[in-house]
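So you can see what is in the structure, the chains are spelled out below.
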Number of protein chains: 2
Amino acid sequence: MSAMAELLAFQRQTEALAQVMGRLSWDQETVMPQGAVEQRGEELAALEAVLHGRRVDPRVAEWLAASNPETEAEQAHVRLIRRAYDRATKVPADLSAAIVRTTALAHGQWARARASEDVASFLPVLSEILSLRQQEAAALSGGGDAYDALLQDYEPGMTGAALDEMFGVLRPRLVALRAAVAESGHDPVPLKGVFPKAQQLALSEELARAFGYDFNRGRIDEAVHPFSSGSGHDVRITTRVDEAEPFGCFYSTIHEVGHACYEQNIAPDLTLSALGQGVSMGVHESQSRIYENQLARSRAFTCWLYGRMRDRFGALNVQGEEAFHAAVNRVAPGHIRTEADEVHYNLHILMRFDLERAMLAGDLAVPDLEAAWNDRFLADFGVAVDKPSNGVLQDVHWSAGLIGYFPTYSLGNVYAGCLHQALRRDLPDLDAALATGDPSPALDWLRDRLQRHGGMRPPRETIEHATGAPVGVEPLLEYLDTKFGEIYGF
Amino acid sequence: MSAMAELLAFQRQTEALAQVMGRLSWDQETVMPQGAVEQRGEELAALEAVLHGRRVDPRVAEWLAASNPETEAEQAHVRLIRRAYDRATKVPADLSAAIVRTTALAHGQWARARASEDVASFLPVLSEILSLRQQEAAALSGGGDAYDALLQDYEPGMTGAALDEMFGVLRPRLVALRAAVAESGHDPVPLKGVFPKAQQLALSEELARAFGYDFNRGRIDEAVHPFSSGSGHDVRITTRVDEAEPFGCFYSTIHEVGHACYEQNIAPDLTLSALGQGVSMGVHESQSRIYENQLARSRAFTCWLYGRMRDRFGALNVQGEEAFHAAVNRVAPGHIRTEADEVHYNLHILMRFDLERAMLAGDLAVPDLEAAWNDRFLADFGVAVDKPSNGVLQDVHWSAGLIGYFPTYSLGNVYAGCLHQALRRDLPDLDAALATGDPSPALDWLRDRLQRHGGMRPPRETIEHATGAPVGVEPLLEYLDTKFGEIYGF
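Just so we're clear, the structure is a prediction, and the values are computed from it rather than from any experiment.

Engineer: What's the story with the interface of chain B and chain A in this structure? I'm lost.
Structural biologist: How big an interface is tends to be stated in terms of accessible area lost as the parts join. On the side of chain A, 36 residues touch chain B, which itself brings 36 residues to the contact. Approximately 2800 Å² of surface area, both sides summed, lies buried where chain B meets chain A, with 57% of it carried by carbon and sulfur atoms. On inspection of chain B and its partner chain A, the count reaches eight salt bridges. Across the contact surface, chain B and chain A share 16 residue pairs in polar contact (both at pLDDT 80 or more). Contributing elements (two or more residues each) for the side of chain B that touches chain A: α1 (3-30) and α2 (37-55) of chain B. Here the element with the most residues in the side of chain B that touches chain A is α1 of chain B; it accounts for 10 residues. Classifying every residue of the side of chain B that touches chain A gives 15 nonpolar, 11 polar and 10 charged.

Engineer: How should I be thinking about the pairing of strand β3 (residues 236-239) of chain A in this particular structure?
Structural biologist: Regular strands have side chains that alternate between both faces of the sheet. All names here are of chain A. Both faces of β3 are covered, namely the face carrying Arg236 and Thr238 and the face carrying Ile237 and Thr239. In the sheet, strand β1 (residues 220-222) pairs with β3 via three bridges, with the strands oriented parallel. Paired with Asp221 across the bridge in β3 is Thr238. Pairing between strand β2 (residues 228-229) and β3: two bridges, direction antiparallel. Paired with Ser228 across the bridge in β3 is Ile237. Between β2 and β3, which pair antiparallel one after the other, the connecting turn spans six residues, and Gly230 there sits at a positive phi close to 100°.

Engineer: Sorry if this is basic, but what is going on with the packing of aromatic side chains here?
Structural biologist: Geometry of an aromatic ring pair is reported as the spacing of the ring centres plus the angle between the planes. Following the criterion strictly, the structure yields 38 aromatic pairs over all chains and no others. With 4.1 Å between their ring centres and 10° between their planes, Phe377 of chain A and Phe381 of chain A make a pair best called stacked. One end of the pair, Phe377 of chain A, and the other, Phe381 of chain A, are both in helix α15 (residues 369-381), four residues apart, so they sit about a helical turn from each other. Here Phe377 of chain A and Phe381 of chain A have matching classes, each one buried. Ring centres of Phe167 of chain B and Phe353 of chain B lie 5.2 Å apart, and the angle between their planes is 90°; this geometry places the pair in the edge-to-face category. Separated by 186 residues along the polypeptide, Phe167 of chain B in helix α8 (residues 160-183) and Phe353 of chain B in helix α14 (residues 342-361) bring together distant segments of the chain. Residue classification places Phe167 of chain B among the buried positions, given a relative accessible area of 4%. For Phe353 of chain B, a relative accessible area of 0% translates into the label buried. What links up through ring pairs into an aromatic cluster is the set Tyr154, Tyr345, Trp373, Trp398, Tyr405, Phe406 and Tyr409 of chain A. The ring of Tyr306 of chain A carries Arg310 of chain A above its face, with NZ or CZ at 4.1 Å from the centroid.

Engineer: Explain the domain arrangement of chain A here, please?
Structural biologist: Residues and elements named next belong to chain A. What the domain assignment reports for chain A is domain 1 (3-143) and domain 2 (144-490). For domain 1 versus domain 2, the distance between C-alpha centres works out to 26 Å. With 42 residues of domain 1 at the contact, the number on the domain 2 side is 49 residues. Here domain 1 packs against domain 2, burying approximately 3900 Å² in sum over the two surfaces, 63% of which is carbon and sulfur.

Engineer: What exactly am I supposed to notice about the relation of the copies chain B and chain A here?
Structural biologist: The pair of chain copies shares a relation made of a rotation about an axis and a shift along it. Least-squares fitting of chain B to chain A yields an RMSD of 0.0 Å, with the transformation described by 0.0 Å of translation along the axis and a rotation of 180°. The relationship between the two copies is best expressed as a two-fold rotation axis. A symmetric contact is evident, with 100% of the interface residues of chain B recurring at the interface of chain A.

Engineer: In this structure, what is going on with the UniProt feature "binding site: Zn(2+)" (unreviewed entry) in chain A? I would like to understand it.
Structural biologist: All names here are of chain A. Mapped onto this numbering, the UniProt entry annotates "binding site: Zn(2+)" (unreviewed entry) at His255, His259 and Glu285. These annotated residues cover 31 residues of sequence, and their C-alpha atoms all fall within 8.7 Å of one another, placing them together at a single site. For His255, the position within the fold is in helix α10 (residues 246-264). Residues within four places of His255 in sequence aside, it is in contact with Glu285, Ser288, Arg289 and Glu292. Looking at where His259 falls in the secondary structure, it is placed in helix α10. A residue is classified by how much of its surface remains accessible, and His259, at 12% relative accessible area, is buried. Sequence-distant contacts of His259, that is, excluding residues within four places in its chain, are made with Ser228, His284, Glu285 and Ser288.

Parameters at a glance
- Residues numbered from 1 in each chain as written.
- Chains lettered and ligands numbered in written order.
- Predicted model: local features only at pLDDT ≥ 70, side-chain atom pairs only at ≥ 80, totals over all residues.
- Heavy atoms only, no water.
- Contact = heavy atoms within 4.5 Å.
- Buried area = accessible area lost by both parts, 1.4 Å probe.
- Salt bridge = Lys/Arg side-chain N within 4 Å of Asp/Glu carboxyl O.
- Polar contact = N/O pair within 3.5 Å; in protein donor to acceptor, adjacent residues only side chain to side chain.
- Helix = DSSP H or I, 4+ residues; strand = E, 2+ residues; numbered from the N terminus.
- Nonpolar A, V, L, I, M, F, W, Y, C, P; charged D, E, K, R; others polar.
- Buried < 20%, exposed > 50% of the residue type's maximum accessible area, 1.4 Å probe, protein only.
- Pairing = 2+ DSSP bridges.
- Phe/Tyr/Trp six-rings, centres within 6.5 Å; stacked < 30°, edge-to-face > 60°.
- Lys NZ or Arg CZ within 6 Å of the ring centre and 35° of its normal.
- Domains from an automatic or database assignment.
- Least-squares fit on C-alpha atoms with pLDDT ≥ 70 in both.
- UniProt positions renumbered as here; feature names shortened; annotations may be inferred.

Spelled out as structure tokens, the structure:
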């Protein structure tokens, strides 16, 4: 076998083992017996040790050195495998182990601190995590920017400076949009009632099918936090049900279907290779968000959904297609990121990005984090934080050591804006299909232009290849201004 | 770290990875999407390659050579780890791979042959499997008996000659018992009716709890073939439901609970070690069979079950405790092993043992297998085989390469007979508890005497330690003669 063939065969086994890791996570969140938690920890650790051993296997370096990639695909394979090898070998094993150990403990401390509204009790472990990630960033960056080094795990090729530039344009426009909505004097009637669980799950499944989810290669279960798991021919999603609030179930299902379809639609010849997954967190989020927002929260699609909901649940307190569309897209100020509407969502993210970047750089001391959070929240949202569980303690990410992850959520929205502008240009009759509950023209466009290519191109190039235009924030802002201007009458 | 400590730490990771393999199998049989089959094959193969690499890791031999086991437990660890290492290193890798490849293909060929009643189409691959297993046996045995070499995978320490001696006593006595039942003129009224699935599953769960299954460390799902999966703190079982025949659901649940409780009750300090699983297939089967038969099919327990079934399902066509007990234990001649009653079951196994042993030795040619099967069936069961799916094609085992596995079923029944005799001696009031639906005195006895010790002693010693008496077939035969003599009046 050539070095290239050996490299790809070795990588294929590694990818298969990484899929096994994903199956264990799915199992843990959905069906695992409670009492298995500790033993599962050992099972995961043993498999992680195997994966780590493969990532730093010296043969990978030898094969990489001896490989002579010829096609575009071979070059992409080599690029991604080399990046993973460099990353894995740069960080000392004891530092990696300390991060795993500390974040495992931190999860419980964060959960207890949040439950007891006690920020101070969480700060020591947060400081420790920050210090460990700073050391890791130093090992990875070779003297370069620390935040950029961490960002590469989630969004290869992206930099803090580039995000700063985009978010610097987004933030004032979103603050202004929020203010315009608040000052419009409009407040759509929210949906109220009791929506039985079985009916919600049935409509949720119907929506998943409509959005192209292949049940032959997936399944839907319930879990506390909705997620999508796996690649290739086994991509499972979860959803959640609140009988008083059915949109949560429907739109989180469609969101996860966006993630899952990206994985399911990658070309089969890329399965179990370095190119066989979504290329970055940002591009992944662009798929989940365009499915959920630009498509499923569009006026045309909500008209169809209004009819389906009346078929399933009988008469609603919200009357008429316009009122229903406004209820789906109702803007409501709130403290919690995961419950935020399209206007507020990115303001949550931009704040976290600035705070974590300042902490990592040493410009914001951990004991000052809560005050900085509360000041910024008041400035951007016009509302004070009432308690830490509604503020700095609301998200799990920092306790898990995820620094550099948050901005990919907003980047995903920016990408979704670009993709939506391009597909609307190419599909002038899309609304006619959406109004019959059929998003397939848009899904076909996304599959053909973006999803099937997996990791063939770097993230930004992936978007630009699909749209034929440079990435920018303007399409997202125009979409938001137009949509909410129409709903709120400004 | 000492060599012993390194050996045990390495083994712990191997056991954790073996548990991961078990989780994947559970997933495949219960929740995996259909379309994931091929990709799952690659995931399993990648993990199997990791496990194989650990089993033949030269460091294991070094640690074994340098270890100085002091306690009984350390000696047991070393004995089991050495056996696994010797086994894994004796068989050439290409032979192991050929067995995996051939049996994977053979499964589909067997299923198609069975569906089309076409024995001839299955014989070529059966010959190939036999040849591969003969080569493997030669590699393992070092000139010793081929069948004994294969038997060690399922029942360490057992020999074909020792089985021959036991089964030589069993067979004529079982044939005589079968004839006595047939000639008794009695035929209990079988249970008839429609028993709704939800009610069957609810009573099935109640029975699982009564038999000590810990739902905090397990769960019950439905699957085509009931099974138990996993060790330690995550031991899951499956059951099946036929609305016309509820005993299948109840007794297969209790059977699997017997397997699962053996795993759940092993002492926690043995978890994820070489001693942390049931010690052999035969001892495992002794637990499932004593739960299912000697306990749950006893007169005392069926009296209680009669009441619970009337509570759940209303009036039954079978009236009275005696008639119900007879219906549960009804002896019915039939072709299919998995549906056989206690009188016929071991006759099925003894036949398979003799046939596979003769094939492996070269005394029975594969093309003559069907005729040999049919002759033997007529001799032992007094009924002719009507079609291959009711005869030589009924079991999956040979297509999976499992030669040496069948006799452990009957050995499990022999062991269960020994255990039952001993626990009845120690628990004279057991029937009073069973009559209230409470088998816990017997379960406590089994946990304390046998289950908690895991792999500490070899299989036969495990049984003899529990009973304080040598293993023999007489207790099983006395139990069967007494029980069926009472029911059938001879």
